[in-house]
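# Geometric and topological summary
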Amino acid sequence: MRPDDEALILACIPSLRRYARGLTGDPQRADDLVQDTLERAWSRYSRWQRRGELRAWMFGIMHNHFIDGVRANSRRVDQTAAGDLPDAPVRATQTDRLEVRDLERCLQALPAEQREVLLLVCVEDLSYQETAQILDVPLGTVMSRLSRAREKLSALMQGRDTSNRLHRVK
């Protein structure tokens, strides 16, 4: 690996941290996710072969690792008796501004697939095509998830009820 390759990977860290924080909602879990992503990217760097943008490739690694973790946790929770579940950690919010806290809460209220698309397109400024490649979904799926995410996030931020409402079709 050349020194300029190392610089390219290191330049991705701020974006990876933002995306990880948005996925997990927890700074410590986000840092762990970034570290795991960097380790995987470093060890698999020869597989990239400069096909596409490095940042998008690393987001793909992070996304896949995050999904693997979610699946593993759901299996562990299924195998754990309800009485054995640990108390959920309480996130310290003393230094957060209220607006940021509310936005983070609303982001976490979005379904994971909508939150992922919203973060990649709106925060990380990736194209729809790059986002579709990272998430391994069709381009139209990215566009519809983004539309639903924006609509739901707006409603949540305004305090409107976003529960799934059934619409009567005549």
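To start, this report covers the structure provided alongside it. Computed from a predicted structure; not experimentally measured.

What follows deals with the overall build of the chain. Helix and strand content of the chain: nine helices and zero strands. Going residue by residue from the N terminus, the α and β elements of the chain occur as α-α-α-α-α-α-α-α-α. For the chain, the residues scored as buried account for 34% of the 170 residues in total. Long-range pairs, those at least 24 residues apart, make up 65% of the contacts in the chain between residues at least 6 apart in sequence.

This paragraph deals with the nonpolar core. Membership of the largest hydrophobic core comes to 38 residues, with the highest contact counts inside it found for L16, Y19 and M58. Looking at this core, the elements with two or more residues in it are α2 (13–24), α3 (27–43), α4 (45–48), α5 (54–79), α6 (98–109), α7 (112–123), α8 (128–135) and α9 (139–157). If you count residues domain by domain, this core takes at least three from each of domain 1 (1–81) and domain 2 (93–162). Those residues in contact with L16, other than ones at most four positions away along the chain, are V34, T37, L38, M58, F59 and M62.

Let's shift gears to the packing of α8 against α9. It is the contact of α8 with α9, at a shortest axis distance of 9 Å, that shows an interaxial angle of 100 degrees. Classified by the angle between their axes, α8 and α9 sit roughly perpendicular to one another. Mapping the contact onto sequence places Y128, Q129, T131 and A132 in α8 and L139, V142, M143, L146 and R150 in α9. Grouping the constituent residues of the contact of α8 with α9 by class yields six nonpolar, two polar and one charged.

Another aspect to go through is unusual backbone geometry. In this model, D125 sits at a positive phi of 60 degrees, which is unusual for a non-glycine residue. With respect to the helices and strands, the residue D125 is situated in the loop between α7 and α8. Taking the relative accessible area as the measure of exposure, D125 reaches 63% and is therefore exposed. In this model, D136 sits at a positive phi of 60 degrees, which is unusual for a non-glycine residue. By secondary structure assignment, the location of D136 is in the loop between α8 and α9.

For the rest of this paragraph, the subject is the pattern of salt bridges. Counted under the stated rule, the structure contains five salt bridges. In this structure, R21 and E104 form a salt bridge, with 3.3 Å as the shortest nitrogen-oxygen distance. One end of the pair, R21, is in helix α2; the other, E104, is in helix α6, with 83 residues separating them in the sequence. Classification of R21 by relative accessible area gives partly exposed; the value is 29%. Judged by relative accessible area, E104 falls into the buried class, the value being 16%. What emerges from the salt-bridge pattern is a single network uniting R18, E53, R55 and E124.

What counts as what
Each chain has its residues counted from 1, running along the sequence as written. Confidence filtering applies because this is a predicted model: local features only for residues at pLDDT of at least 70, side-chain atom pairs given and counted only at 80 or more, and all residues used for totals across whole chains, interfaces and linings. As a rule here, side-chain values cover all heavy atoms of the structure and leave hydrogens and water aside. Under the scheme used here, helices are H or I runs from DSSP no shorter than 4 residues and strands are E runs no shorter than 2 residues, and both carry numbers assigned from the N terminus. Only protein chains enter the accessibility calculation, which uses a 1.4 Å probe; a residue is then buried when its area is under 20% of its type maximum, exposed when over 50%, and partly exposed in between. Contacts are assigned to residue pairs that have any heavy atoms within 4.5 Å of one another. Among the buried residues, those of types Ala, Val, Leu, Ile, Met, Phe, Trp, Tyr and Cys that are joined through side-chain atoms within 4.5 Å form a nonpolar core. Where each domain begins and ends follows an automated or database-derived domain assignment. To get an axis, a line is fitted to the C-alpha atoms, and for a helix only the part in contact is used. The angle between two axes follows their N-to-C directions and goes from 0 to 180 degrees. Any angle that is under 35 degrees is reported as roughly parallel, and any over 145 degrees as roughly antiparallel; angles of 65 to 115 degrees are reported as roughly perpendicular and all others as oblique. Any residue that is not Ala, Val, Leu, Ile, Met, Phe, Trp, Tyr, Cys, Pro, Asp, Glu, Lys or Arg is counted as polar, Gly included; the first ten are nonpolar and the last four charged. Criterion for a salt bridge: a side-chain nitrogen of Lys or Arg within 4 Å of a carboxyl oxygen of Asp or Glu.

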